[in-house]
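Fold and contact review
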Amino acid sequence: MAAPWDREQTHASLRTYLIEEAYEVLEAMESGDDAKFADEMGDLLLQIVFHSQIAKEEGRFEVSDVIRAVHDKMVRRHPHVFGEKRAKDAAEVLKNWEQIKKEERAAAGKKTEGAKNETKPASMLDGVSRALPAGLEGFQLTRRAARIGFDWDNVEGVFDKMNEEAGELREALSAKEAGRAEEEMGDLLFAAVNLARFLHIDPEIALKKANAKFSTRFRRMEAIAAESGRALADVPREQMEEYWEAAKRAEREASVRKAEARKG
């Protein structure tokens, strides 16, 4: 029998938990603790089961339909594995994957628009959810475009684009055009996401790591200030920089000790 809290949940009320569990899986993965990783994967799986159970009670679908759907999708999208089609390299596999997905979306569009006798042109970008965090959305958009060859020839081209966008942002700031500055800031961030994708780096994970690094160093600065009997807010700006450098040194020393401990 379901608990009272369980019975009150809906797909909408569980959205936050689904997102939280996904991020906790990533955090556990980074920790290197396999037991924690497995535990968090279980929590994420529970969310899938929970949503499936709600749908089952509403007479829509159940967890076996979820499993069957992903099974059929994998077989359909991997003709080079499960069929007779062959791919010469990973790039061709990805290109074929996107073409198959495009055909699937086109077929689905015809199905939903059939009643109105309307067809909407399919796009390679269909299926990238606007509900994604902005960085992840940009990553997915540019990755799909790159899979059909719309990409930079080399990383220098992306750096040049970032320099161009930074220059346009400076111009907007000089002109004191707030609306344009926001637009140019967005273009600069988009270029940075594109650079991460080009380098095969997930920008969301990279930024999460940078956030964690900043948090660790800032907390260390607060501790250094406290050791001298002051709050960090009362420390002069120049001395804050000294504390920041001290926090970085402490971080490097801790990293060296950890590496030596692994060797020994």
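Conventions adopted
- Numbers given to residues run from 1 along each chain, matching the order in which its sequence is written.
- Predicted model: local features are reported for residues with pLDDT of at least 70 only, side-chain atom pairs are reported and counted for 80 or more only, and whole-chain, interface and lining totals are derived from all residues.
- To get the side-chain values, all heavy atoms of the structure are used, and hydrogens and water are removed first.
- To obtain an axis, a line is fitted to C-alpha atoms, over the contacting stretch when the element is a helix, and the angle between two such axes runs from 0 to 180 degrees between their N-to-C directions.
- Each helix is a run of H or I in the DSSP string that is no shorter than four residues. Each strand is a run of E no shorter than two, and both are numbered from the N terminus.
- Should an angle fall under 35 degrees it is called roughly parallel, over 145 degrees roughly antiparallel, and 65 to 115 degrees roughly perpendicular, with every other angle called oblique.
- The hand of a helix crossing depends on one turn: near helix anticlockwise from the far one by less than a right angle means left-handed, and clockwise means right-handed.
- Any two residues whose heavy atoms approach within 4.5 Å at even a single point are treated as in contact.
- Every residue gets a pLDDT, meaning the predictor's confidence in that residue, from 0 to 100.
- A patch consists of residues exposed above 30% relative accessible area that lack any salt bridge, with like charges linked at up to 9 Å and nonpolar side chains (Val, Leu, Ile, Met, Phe, Trp, Tyr) linked at up to 5 Å.
- Every accessible area reported is derived by Shrake-Rupley at a probe size of 1.4 Å, with residue values counting cover from the shown protein chains alone.
- Should a side-chain nitrogen of Lys or Arg be within 4 Å of a carboxyl oxygen of Asp or Glu, the pair is scored as a salt bridge.
- By definition here, a helix of n residues has an expected span of 1.5 Å times n minus one.
- Exposure categories follow from relative accessible area, calculated using a 1.4 Å probe and restricted to protein chains: below 20% of the type maximum is buried, above 50% is exposed, and the middle band is partly exposed.
- In protein, a polar contact means a hydrogen-donor-capable atom and an acceptor-capable atom, both N or O and within 3.5 Å, with residues adjacent in sequence counting only if both atoms are side-chain atoms; elsewhere, any N or O pair within 3.5 Å suffices.

**Some details on the packing of helix α2 (residues 15-31) against helix α3 (residues 34-57)**
With their axes 8 Å apart at the nearest point, α2 and α3 run at an angle of 160° to one another. Regarding the angle of α2 to α3, the classification is roughly antiparallel. Where α2 crosses over α3, the two elements pack in a sense that is left-handed. Taking contact as the criterion, the partners of Y17, L18, E21, A22, E24, V25, A28, M29 and S31 in α2 are, on α3, K36, F37, E40, M41, D43, L44, Q47 and H51.

**Topic: the confidence of the model for the protein**
Residues of the protein with pLDDT of at least 70 account for 93%, and the chain-wide mean is 87. Ranking the elements of the protein by mean pLDDT puts helix α6 (residues 90-113) last with 68 and helix α8 (residues 155-174) first with 97.

**Here we look at a nonpolar patch on the surface**
Residues L45, L46, I48, V49, F61, V63, V66 and I67 make up a contiguous nonpolar surface patch of about 640 Å² in total accessible area. Looking at the nonpolar patch, the elements that each hand over two or more residues are α3 and α4 (63-77). When residues in the nonpolar patch are grouped by element, the largest group, four residues, is from α3.

**Focus: helix α11 (residues 237-263)**
Owing to its 3.6 residues per turn, the α-helix aligns residues three or four sequence positions apart on the same side. A rise of 1.5 Å per residue sets the reference length of α11, with its 27 residues, at 39 Å; its end C-alpha atoms lie 40 Å apart and thus fit the reference within 8%. Lining the buried residues of α11 we find α10 (203-227).

**Concerning the environment of T142**
Within the fold, T142 resides in helix α7 (residues 134-146). With a relative accessible area of 7%, T142 lands in the buried category. Spatially, the C-alpha atoms of T142 and V193 are 8.7 Å apart, while their sequence positions differ by 51 residues. When sequence neighbours within four positions are dropped, the list of residues in contact with T142 reads F190, N194 and R197. A polar atom in the side chain of T142 sits 3.2 Å from the backbone oxygen of F139.

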